[in-house]
Amino acid sequence: MTEDKTDCILRDFRRDKCEHCTKLCPHRIALHGLDGKSGRIGNTDLPADYRGITLANSPVRTDQAENYVLFDKYAQTFNRGDVKSLYLWSESPGTGKTTTAAAFISEWVARDYLGALKAGEQPRQFSAYFLDINELQTQYNLATMTDDNDAMKRIGTKIKRTQDAPFAVVDDVGTRSSTEAFTSYVHAIINHRTSNAMPTVFTSNLPIEEMSDVFTQRLYDRIRDQCGVIHFAGTSKRGRR
Ligand SMILES: Nc1ncnc2c1ncn2[C@@H]1O[C@H](COP(=O)(O)OP(=O)(O)OP(=O)(O)O)[C@@H](O)[C@H]1O
Ligand SMILES: [Mg+2]
């Protein structure tokens, strides 16, 4: 049961750190499902490896201490109407960009849920979405190669979810050379979000300037205008525990 007690992302928001909660806590079920894999966090499609990470418990916090001062302030804006977008990047892989983006998803979902309760409203089911561009591209290549209509529909759903989510992470943007068709989907997602000023956290291994080669000038200008650019210094920490 210890595990069940500590794996709810709401614990950082409660004075008692959910110490007396059980697996049957209604809030835990609302966020993680009874099986710990569904609920509102499940709806974000955040990969299993990146669940349960919050800004407070992020393993990246110490190494990226200066950035995390900003990120704590950033998360404070989540219940307001004017949330900025961020572009997290580093030359080196494994510096904690996706981990941090995952923490933002947890923070967003928790704050969205608690904010609704506080206002006496029913918390929405879909408040944030995590899109892994590399994974989407692999799925897309496979679906086109095998002419798999069902897989294409699932890809369409992911695209739609990313467009509509009040908050979204677009992970690994612009990293792999893609076909024109795939790029146009990514373009459509980002275009929809930026033209409606919807908060988005991008991660990338390229400086933001290089996005001008990936997207149209107009879209690049919008991304540039809307995003706070945050650099993750250092080398890969992958495998460090
Ligand atoms: N600063 C850090 N301290 C401890 N562990 C870290 C740190 N940065 C990353 N890690 C660990 O390394 C692994 C990879 O991190 P993550 O996926 O967030 O990196 P990334 O910057 O997104 O890499 P990539 O550029 O390859 O996408 C994770 O298991 C994460 O916990
Ligand atoms: Mg990553």
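Preceding this section is the structure that the text describes.
Note that the coordinates shown come from a computational prediction; the quantities given were computed from them, not determined experimentally.

Novice: Would you explain the overall build of the protein in this entry?
Specialist: Along its length, the protein carries 9 helices and 5 strands. Listing the helices and strands of the protein from first to last along the sequence gives α-α-α-α-β-α-β-α-α-β-α-β-α-β. Taking 18 Å as the expected radius of gyration for a compact globule of 241 residues, we find that the protein reaches 18 Å, a close match to that expectation. Along the first, second and third principal axes, the C-alpha set of the protein runs to 55 × 45 × 35 Å.

Novice: How should I be thinking about the site of ligand 1 in this particular structure?
Specialist: Near ligand 1, the surroundings consist of 17 residues, among which Asp-63, Pro-93, Gly-96, Thr-98 and Thr-99 are the closest. Broken down by element, the residue count for the shell around ligand 1 peaks at 3 residues, all from helix H5 (residues 97–118).

Novice: Just to check I follow, could you spell out the sheet that holds strand E1 (residues 85–89) for this structure?
Specialist: By way of backbone hydrogen bonds, the strands of a sheet pair with one another, either parallel or antiparallel. Ordered in space as E2-E3-E4-E1-E5, the 5 strands form an open sheet in which the pairing is parallel. Looking at strand neighbours, the two that pair on one side only are strand E2 (128–132) and strand E5 (227–231), the edges of this open sheet. Neighbour-to-neighbour, the strand axes of this sheet turn through a mean angle of 15°, independent of strand direction. Examined bridge by bridge, strand E3 (residues 167–171) and strand E4 (residues 200–204) share 3 bridges and lie parallel to one another. For Ala-168, the partnering residue across the bridge sits in E4 and is Thr-200. Contacts from helix H6 (residues 133–145) reach E2 and E3 within the one sheet, and its direction differs from that of E2 by about 65°.

Novice: Whenever I open this one, the packing of helix H7 (residues 149–164) against helix H8 (residues 180–195) confuses me. Can you help?
Specialist: Relative orientation and spacing of two packed helices are given, respectively, by the angle between their axes and the distance between those axes. Here H7 crosses H8 at 20°, and the two axes come no closer than 8 Å. It follows from the interaxial angle that H7 and H8 lie roughly parallel. Note that H7 runs across H8; the crossing there is right-handed. Along its contact with H7, which presents Ile-159, Thr-162 and Gln-163, the element H8 presents Tyr-185, Ile-189, His-192 and Arg-193. When its residues are assigned to classes, the contact of H7 with H8 shows 3 nonpolar, 3 polar and 1 charged.

Novice: Is there a simple way to think about unusual backbone geometry in this case?
Specialist: The phi angle of most residues is negative, glycine excepted, and most peptide bonds adopt the trans form. Although it is not a glycine, Asp-45 adopts a positive phi angle of roughly 65°. Residue placement: Asp-45 occurs in the loop between helix H3 (39–42) and helix H4 (65–76). Positive phi, normally seen in glycine, also occurs at Asp-172, with a value near 65°. Among the secondary structure elements, Asp-172 is positioned in the loop between E3 and H8.

Novice: Help me out: how do you make sense of the nonpolar core in this one?
Specialist: Soluble globular proteins: nonpolar side chains tend toward being buried together. Judged by nonpolar contacts, the single largest core of 53 residues is most densely connected at Ile-105 and Val-169. When residues of this core are traced back to their parent elements, those giving at least two are H4, E1, H5, E2, H6, E3, H8 and E4. Ranked by residues supplied to this core, first place goes to H5 with 9 residues. When near neighbours in sequence (up to four residues on either side) are disregarded, Ile-105 contacts Thr-44, Leu-46, Ala-128, Phe-130 and Val-169.

Novice: For this particular structure, what's the right way to read the pairing of E2?
Specialist: Within a regular strand, the side chains alternate between the two sheet faces. Among the 5 residues of E2, 5 are classified as buried, and the element is accordingly described as predominantly covered. Two strands pair when backbone bridges link them, and E2 and E3 are joined in this way by 5 bridges, in the parallel orientation. Note that in E3 the partner of Tyr-129 across the bridge is Ala-168.

Novice: Mind showing me how you'd approach H7 here?
Specialist: Quick reminder: α-helices carry 3.6 residues per turn. Residues three or four places apart thus point the same way. The end-to-end C-alpha distance of H7, which contains 16 residues, comes to 22 Å, matching closely the 22 Å that a straight helix rising 1.5 Å per residue would cover. For H7, every residue scored as buried is listed here: Ile-155, Lys-158 and Thr-162. Projected down its long axis, H7 carries its buried residues within an arc of 55°, all on one side. Across H7 from its buried face, at more than 90 degrees, point the exposed residues Asn-149, Asp-150, Lys-153, Gly-156 and Thr-157. In this structure, the buried residues of H7 make contact with E2, H6, E3 and H8.

Calculation rules
Residues numbered from 1 in each chain as written. Chains lettered and ligands numbered in written order. Predicted model: local features only at pLDDT ≥ 70, side-chain atom pairs only at ≥ 80, totals over all residues. Helix = DSSP H or I, 4+ residues; strand = E, 2+ residues; numbered from the N terminus. Rg over C-alpha atoms; globule rule 2.2 N^0.38 Å. Near = placed C-beta within 6 Å. Pairing = 2+ DSSP bridges. Axes fitted to C-alpha atoms, helices over the stretch in contact; angles between N-to-C directions. Contact = placed C-beta atoms within 7 Å. Parallel < 35°, antiparallel > 145°, perpendicular 65-115°, else oblique. Left-handed = near helix turned anticlockwise from the far one by under 90°. Nonpolar A, V, L, I, M, F, W, Y, C, P; charged D, E, K, R; others polar. Core = buried A, V, L, I, M, F, W, Y, C linked by C-beta atoms within 7 Å. Buried ≥ 20, exposed ≤ 12 C-beta atoms within 10 Å, placed from the backbone. Expected span 1.5 Å × (residues − 1). Arc of directions from axis to C-beta.

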